[in-house]
Amino acid sequence: MLIRIAIVDDQPEARELLRQDLLVRAPAGTSIACFDSSESFLSGFVPGDDSLIFLDICMKGMNGIEAAERVRKRSARCLIVFLTSRSEERRVGKECRSR
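Residues numbered from 1 in each chain as written. Predicted model: local features only at pLDDT ≥ 70, side-chain atom pairs only at ≥ 80, totals over all residues. Heavy atoms only, no water.

1. Side note on the pattern of salt bridges
Thinking step 1. Following the criterion strictly, the structure yields 2 salt bridges and no others.
Thinking step 2. Two residues, Glu16 and Arg19, come together in a salt bridge whose shortest N-O distance is 2.9 Å. Here Arg19 and Glu16 lie together in helix H1 (residues 12-25), a separation of 3 residues that amounts to about one turn.
Thinking step 3. According to the relative accessible area criterion, Arg19 is partly exposed, its value standing at 24%.
Thinking step 4. Of the charged contacts in the structure, one is a salt bridge between Asp21 and Arg25, with a shortest N-O distance of 2.8 Å. Separated by 4 residues within a single helix, Asp21 and Arg25 lie in helix H1, roughly one turn from each other.
Thinking step 5. Look at Asp21 and you get partly exposed, because its relative accessible area is 33%. (Salt bridge = Lys/Arg side-chain N within 4 Å of Asp/Glu carboxyl O. Helix = DSSP H or I, 4+ residues; strand = E, 2+ residues; numbered from the N terminus. Buried < 20%, exposed > 50% of the residue type's maximum accessible area, 1.4 Å probe, protein only.)

Put into structure tokens, the structure is as follows:
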């Protein structure tokens, strides 16, 4: 079974750190693709292609929550994990609303 993972984060260091960790932990044959925005990810998203999607919550442009809503409209099967480097819940909500 081929596992496809997408990492969507506007911070290059965060994307690369997660990618490196997944390369060590994921089974052989796992495909990992990185995207710097929700828009770039969604432009190539094909329902059923990605088994697991890591989405940064607060990104410039379309945030991760909005991207997840669009993914869910096209595919209910893939797993979505939200990421954030913010430590305060109120701050995360505020930043997402302001973008």
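2. Focus: the side chain of Ser37
Thinking step 1. Here Ser37 lies in the loop between strand E2 (31-35) and helix H2 (38-44).
Thinking step 2. Apart from residues lying up to four places away in sequence, Ser37 is in contact with Val8 and Met59. (Contact = heavy atoms within 4.5 Å.)

3. Concerning the sheet that holds E2
Thinking step 1. With parallel pairing, the 4 strands of this open sheet are ordered in space as E2-E1-E3-E4. Looking at the sheet topology across the chains shown, the edges are occupied by E2 and strand E4 (79-83). Neighbour-to-neighbour, the strand axes of this sheet turn through a mean angle of 15 degrees, independent of strand direction.
Thinking step 2. Across 5 bridges, strand E3 (residues 52-56) lies against E4 in parallel orientation. Directly across from Ile53, in E4, lies its bridge partner Ile80.
Thinking step 3. Those strands touched by H1 are strand E1 (4-8), E2, E3 and E4, and its axis lies near 175 degrees from that of E2.
Thinking step 4. Packing against the sheet, helix H3 (residues 64-74) makes contact with E3 and E4, and its axis sits at approximately 175 degrees to E4. (Pairing = 2+ DSSP bridges. Axes fitted to C-alpha atoms, helices over the stretch in contact; angles between N-to-C directions.)

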